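# An overview of the molecular structure
Residue-level listing of the chains:
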Amino acid sequence: MAGPHPAYAAGRRRLRALLASRGYRPGTRLTVAVSGGSDSLALARIALFVARRDGYVLRAVTVNHGIRPEAGREAAQVAARLRSWGYDDAAAVSVDLGGGSSPEGQARAARYAALAEAAGAGSPVLLGHTADDQAETVLLGLGRGSGARSLAGMPEAGPLPGHPELTALRPLLGLRRAALRAALQNEGLAWVED
C-alpha cells in the first residue's frame, strides 16, 4: 500500500513538530480554519489525520463573510463536507462586516474575531497559509515600504492577528500550494477558489 502524498506527509510532520514545540499535548482542542479553498482543505485533511493518530480534539470553523449571495450555502457545504470526513465539530459561522473603506481588512478582522470566539482560551488556531502566501506577504510589505521588517513574513507560530491571547499555527508555510493541490487531486477532492 502506498503512503500518503509527500505534501500530506510533510504537513503532518510539521504540524506535529509545531504542537510539540508549543507544548500542546494530546487532548488539546485544535481549531482549524477552513474556507473551502485548497490550502485550508489540505490543512483539514492533515489535522484530521494527526488528531486521530495522536489524540487531539478537532473543531473546524468556516466563516461566511456574506459578501456574495451564495457564501452562506457554500460555508454550510464546507462544514457538511468536514463532518462527512469525520469532524465531529464543524461549524459555519456568519459575520457582519458593517461598512467601511476596506472590505478586505474588515473581512480579515471579522474572520479572526470569529475564529477567536470559536477557539476559546487555550485552543490554538490552525491556519492554512502556504509558502505562496508567505512570499506574497513579504512582497506586499516591501511594496508598502516596511523595509527589512517585511522579510520576516508570517511566523509559523505566533499570536492570532488581533487576538494576542490566542496562538495561530501555520504548519503549511514550508509547502507550495501546487503540492497541496496535487495531494487533494490525488484523493479526487475538489476545492473552491477563495
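Report follows, based on the coordinates. (Residues numbered from 1 in each chain as written. Predicted model: local features only at pLDDT ≥ 70, side-chain atom pairs only at ≥ 80, totals over all residues. Heavy atoms only, no water.)

### Brief notes about the pairing of strand β6 (residues 163-169)
In terms of residue burial, β6 counts as a mostly covered element, since five of its seven residues are buried. Here two bridges tie strand β4 (residues 125-126) to β6, and the two strands are oriented parallel to one another. Looking at the pairing, Leu126 lines up with Leu169 of β6. In the sheet, strand β5 (residues 157-160) pairs with β6 via four bridges, with the strands oriented antiparallel. Residue pairing across strands places Gly158 opposite Ala168, the latter belonging to β6. In this structure, the hairpin formed by β5 and β6 is closed by a connection of two residues, where Gly162 is found at a positive phi of approximately 80°. (Buried < 20%, exposed > 50% of the residue type's maximum accessible area, 1.4 Å probe, protein only. Helix = DSSP H or I, 4+ residues; strand = E, 2+ residues; numbered from the N terminus. Pairing = 2+ DSSP bridges.)

### Some points on the sheet that holds strand β3 (residues 90-94)
Read across the sheet, six strands follow the order β3-β2-β1-β4-β6-β5 without closing on themselves; strand pairing throughout is mixed. Across the chains shown, the open sheet's two edge strands, defined by having one partner strand only, are β3 and β5. Pairing geometry for strand β1 (residues 29-33) and β4, over two bridges, is parallel. Bridging across to β4, Val32 finds its partner in Leu126.

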